[in-house]
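Read off the chains here:
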Amino acid sequence: MRPARERLTAWALLIAAALWLLPANLLPIMAVTQAGRSHASTIAGGVWQLFEAGMPGIALIVFVASLLVPIFKVLVLAVIYWRAEREDNPLASTRAYRLVYWIGRWSMLDVFVVAMLAALVRFDRLAQVQPAPGILAFAVAVVLTMLSAHAFTPRQLWKAEHGNS
Amino acid sequence: MERPVPTQTQKSATLLACPDCGTQLPRPAMSARGSWRCPRCDCQLSGAWSLKPEPLLALTLASAVLWVPALTQPLLKLDKLGLDRHASLLDSVVALMHGLYLPAGLLLLFTLIIMPLINLLSAGRLLWAAHRQQPMPARPWMTLYRHSREWAMTDIFLLGILIAMTKLGDLATVTPGPGLFCLVVAVVLRLIVETLAQPEQLQRQLEAQHAPGP
């Protein structure tokens, strides 16, 4: 049946995304070289640096967009897919689905920050920013969660006869 | 992703199926005001404002004109001990286009250049058809418009620039470049067009023009 196959694709993409989130969070996402000394930072490290630099507001935005949202999105989608077969509260699930569908794209934020910094900070030996493998894993994870949400349609949560007779 | 099409046997000018839950709903009058939501699943079927193609077409055109300098002009300028560096949006995309990071670079190309361009083209094509009272353009245009709304991420890139600026604060002197100004205005105009030209609403308006209405 078509809905079952759709859900299988959605599950497969979601599990792949969850796996890619591990290296994304554990590996450094960029390396800053300053006066000959290189310093690699992870996503969590970058948030902490912003917080220490006295910018708690910006640190909070980055924390939400790059740490909280990807994990939250994977968990919420997993619950929605799990419940889809015998859904008893389709309205709540549909609302949750729409919410994670639209906030998921904001996770790309860190990829853009690294790209901008890598393009800009090119002072050879004086100062340099280079991407590190974590950013690639992170980009892959974000795209996979978006594709997973695409593979699933909220139509599956609604039974045709229900309230329409 | 293809969405299930409503049963063709029931196809009529007065009923339409909600795209999210498939409920058959009576079509509202074209002149109806206020946002319209599906009573069953709360899916937004039209925005709070009526869709006037001409002003939106003008905004799309303005956004397209600003798009060229926004891509090529420097977004940020950096000054460290008398050395100058600047980077445009294109430079940011190219920065990740090598070796291991090629997939990330391609993703940036897709979300920051290709998709925003498709968004401008498809919105322009559909609004032009609505303006000229032409029949519905070929189906791919509507599909492209729907997808590009999600995958064009220039708005997120703007927040990324802001965060990059704060991160650079202690490293060097940062000044915004002309490209940044163009990009901000282009993004704001695109957001206005997207909010006012909801895909469902636009599609119904185009279909209504095609149908030999009363």
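Residues numbered from 1 in each chain as written. Chains lettered and ligands numbered in written order. Predicted model: local features only at pLDDT ≥ 70, side-chain atom pairs only at ≥ 80, totals over all residues.

Caption draft 1: Main features of the overall build of chain A. A tally of regular secondary structure across chain A gives 6 helices and 3 strands. Compactness check: chain A gives a C-alpha radius of gyration of 19 Å against a globular reference of 15 Å for 165 residues, more than 25% above the reference. Across its three principal axes, chain A shows a C-alpha extent of roughly 70 × 30 × 20 Å. Looking at chain A as a whole, 43% of its 165 residues are labelled buried. The contacts in chain A between residues at least 6 apart in sequence include a share of 73% that link residues at least 24 apart. (Helix = DSSP H or I, 4+ residues; strand = E, 2+ residues; numbered from the N terminus. Rg over C-alpha atoms; globule rule 2.2 N^0.38 Å. Buried ≥ 20, exposed ≤ 12 C-beta atoms within 10 Å, placed from the backbone. Contact = placed C-beta atoms within 7 Å.)

Caption draft 2: Up close: the overall build of chain B. Within chain B, the secondary structure is distributed over 7 helices and 7 strands. For chain B, the α and β elements follow one another from N to C terminus as β-β-β-β-α-β-β-α-α-α-α-β-α-α. Buried residues in chain B amount to 34% of all 214 residues. When contacts within chain B are restricted to residue pairs at least 6 apart in sequence, long-range pairs at least 24 apart make up 61% of them.

Caption draft 3: Here's a closer look at the UniProt feature "transmembrane region" (unreviewed entry) in chain A. Residues and elements named next belong to chain A. Under the local residue numbering, the UniProt record ascribes the feature "transmembrane region" (unreviewed entry) to residues 56-82, 103-123 and 135-152. Split by type, residues 103-123 is 62% helix and 0% strand. Its first and last C-alpha atoms lie 36 Å apart. Between the end C-alpha atoms of residues 135-152 the distance is 26 Å, and the span holds 94% helix and 0% strand. (UniProt positions renumbered as here; feature names shortened; annotations may be inferred.)

Caption draft 4: Structural detail: the interface of chain B and chain A. Between chain B and chain A, the contact holds 41 residues from the first and 39 residues from the second. In terms of residues, the side of chain B that touches chain A owes the most to one element, helix 5 (residues 154-168) of chain B, which gives 9 residues. For the side of chain B that touches chain A, the per-class residue count stands at 25 nonpolar, 7 polar and 9 charged. (Nonpolar A, V, L, I, M, F, W, Y, C, P; charged D, E, K, R; others polar.)

Caption draft 5: Spotlight on the sheet that holds strand 6 (residues 83-87) of chain B. Residues and elements named next belong to chain B. Pairing is antiparallel across the open sheet formed by 3 strands, whose spatial order is 6-5-7. Of all strands in the sheet, those with a lone pairing partner are strand 6 and strand 7 (173-176), marking the two edges. Within the sheet, the average angular offset between the axes of one strand and its neighbour, ignoring direction, is 20 degrees. As defined by bridge partners, strand 5 (residues 76-80) adjoins strand 6 across 5 bridges and the pair is classed as antiparallel. Across the sheet, the residue bridging to Leu76 is Ala87, located in strand 6. (Pairing = 2+ DSSP bridges. Axes fitted to C-alpha atoms, helices over the stretch in contact; angles between N-to-C directions.)

Caption draft 6: Examining unusual backbone geometry more closely. Residue and element names in this part refer to chain B. Look at Asp42: it is not a glycine, yet its phi comes out positive at around 65 degrees. Tracing the chain through its elements places Asp42 in the loop between strand 3 (36-37) and strand 4 (44-46). For Asp42, a count of 14 C-beta atoms within 10 Å puts it in the partly exposed group.

Caption draft 7: The packing of helix 5 (residues 109-120) of chain A against helix 6 (residues 133-151) of chain A, seen in detail. Residue and element names in this part refer to chain A. Packing of helix 5 against helix 6 leaves a shortest axis separation of 9 Å and a crossing angle of 145 degrees. Pair helix 5 / helix 6 crosses with left-handed handedness. Across from Asp110, Val111 and Val114 in helix 5, the residues of helix 6 making contact are Ile135, Phe138 and Ala139. Class assignment of the residues belonging to the contact of helix 5 with helix 6 gives a composition of 5 nonpolar, no polar and 1 charged. (Left-handed = near helix turned anticlockwise from the far one by under 90°.)

Caption draft 8: The arrangement of the sheet that holds strand 3 (residues 127-131) of chain A in detail. Residues and elements named next belong to chain A. With antiparallel pairing, 3 strands are arranged side by side in an open sheet as 2-1-3. Edge strands, defined here as strands with exactly one partner in the open sheet, are strand 2 (37-41) and strand 3. Mean inter-strand twist for the sheet, computed between neighbouring axes without regard to direction, equals 20 degrees. Alignment of strand 1 (residues 30-34) against strand 2, held across 5 bridges, turns out to be antiparallel. In the sheet register, Ala31 faces strand 2, and the bridge partner there is Ala40.

Caption draft 9: Representation of the confidence of the model for chain B within the structure. Residue and element names in this part refer to chain B. Summing up the model confidence of chain B, the mean pLDDT is 82 and the portion of residues at 70 or higher is 87%. Within the model, the stretch residues 1-12 combines pLDDT values under 50 with 10 contacts to residues more than four positions away or in other chains. The ipTM assigned to the predicted complex is 0.87, against a pTM of 0.86. (pLDDT = per-residue confidence, 0-100.)

Caption draft 10: Here's a closer look at the packing of helix 1 (residues 2-26) of chain A against helix 3 (residues 56-83) of chain A. Residue and element names in this part refer to chain A. Between helix 1 and helix 3, the shortest axis-to-axis distance is 10 Å and the interhelical angle comes to 155 degrees. Judged by the inter-axis angle, helix 1 sits roughly antiparallel to helix 3. Note on packing geometry: the crossing formed by helix 1 with helix 3 is left-handed. Every residue of helix 3 that contacts helix 1 at Arg7, Ala10, Trp11, Leu14, Ala17, Ala18 and Leu21 is listed here: Pro70, Ile71, Val74, Leu77, Ala78 and Tyr81. (Parallel < 35°, antiparallel > 145°, perpendicular 65-115°, else oblique.)

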